[in-house]
Amino acid sequence: MPDTTDQDDARAPRPMGSSTARRLLRYGLMAVTAVVVIDAVVGEKGLLALMRARQDYQVLETSLRAVRSENQRLREQARRYREDPVTIEELARKDLGLIKPGEKLFIIRDLPPAPAR
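Below, the structure is looked at part by part. Here the structure is a predicted model, which is why all the values come from computation and not from measurement. (Residues numbered from 1 in each chain as written. Predicted model: local features only at pLDDT ≥ 70, side-chain atom pairs only at ≥ 80, totals over all residues. Heavy atoms only, no water.)

Glancing now at the overall build of the protein. Each helix and strand counted, the protein has 4 helices and 0 strands in total. Ordering the α and β elements of the protein from the N terminus gives α-α-α-α. Buried positions account for 4% of the 117 residues belonging to the protein. (Helix = DSSP H or I, 4+ residues; strand = E, 2+ residues; numbered from the N terminus. Buried < 20%, exposed > 50% of the residue type's maximum accessible area, 1.4 Å probe, protein only.)

When you line up the elements, T87 lands in helix α4 (residues 85-96). What T87 contacts, discounting residues up to four positions off in sequence, is R80 and Y81. (Contact = heavy atoms within 4.5 Å.)

Moving on, we come to the pattern of salt bridges. In the structure shown here, the tally under the stated rule is 8 salt bridges. A salt bridge links R93 to E103; the nearest nitrogen and oxygen atoms lie 2.9 Å apart. On the criterion of sequence distance, the pair formed by R93 in helix α4 and E103 in the segment after α4 is long-range, its members being 10 residues apart. One connected set of salt bridges, linked through shared partners, spans E76, R79, R80 and E83. (Salt bridge = Lys/Arg side-chain N within 4 Å of Asp/Glu carboxyl O.)

We now examine the packing of helix α3 (residues 47-83) against α4. Contact geometry for α3 and α4: axes closest at 6 Å, N-to-C directions at 90 degrees. The orientation of α3 relative to α4 falls into the category roughly perpendicular. Here R80, Y81, R82 and E83 of α3 come into contact with α4, specifically with P85, T87, I88 and L91. In terms of residue class, the contact of α3 with α4 is made up of 4 nonpolar, 1 polar and 3 charged. (Axes fitted to C-alpha atoms, helices over the stretch in contact; angles between N-to-C directions. Parallel < 35°, antiparallel > 145°, perpendicular 65-115°, else oblique. Nonpolar A, V, L, I, M, F, W, Y, C, P; charged D, E, K, R; others polar.)

So, on to α4. For α4, built from 12 residues, the straight-helix expectation of 16 Å at 1.5 Å per residue is met to within 8% by its first-to-last C-alpha distance of 15 Å. Immediately downstream of α4, the backbone of G97 shows phi near 70 degrees, a positive value. (Expected span 1.5 Å × (residues − 1).)

A few words on a nonpolar patch on the surface. Taken together, the side chains of V37, I38, V41, V42, L47, L48, L50 and M51 present a nonpolar region at the surface, about 680 Å² in accessible area. When you line up the elements, L48 lands in helix α3. (Patch = residues over 30% accessible without salt bridge, like charges linked within 9 Å, V, L, I, M, F, W, Y side chains within 5 Å. Areas by Shrake-Rupley, 256 points an atom, 1.4 Å probe, with all protein chains shown as cover.)

Written out as structure tokens, the structure reads:
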């Protein structure tokens, strides 16, 4: 006699709620997955925030390089003002209008424009 228990189990009607429950479970898992994926892309620590943070980092890094370069230039200029006599003399002549003993200062003024005839 053949074993009919396997066939009877396969033909046995399923309870009405099990397919509905599976469908609801599937939709629920899809909804949760969608929420997780959306949060991963646009959330507070998502992909878009990471991309913005990297862009901000590059901008700040470029700005920092420029400020460091300017700082180095100013340090070198300050060193020259303290130690280089030629630079000190140039600064005194330009900013303070000083001249060396024995030099003569000539001030040349522009003439006002002639009236048009």
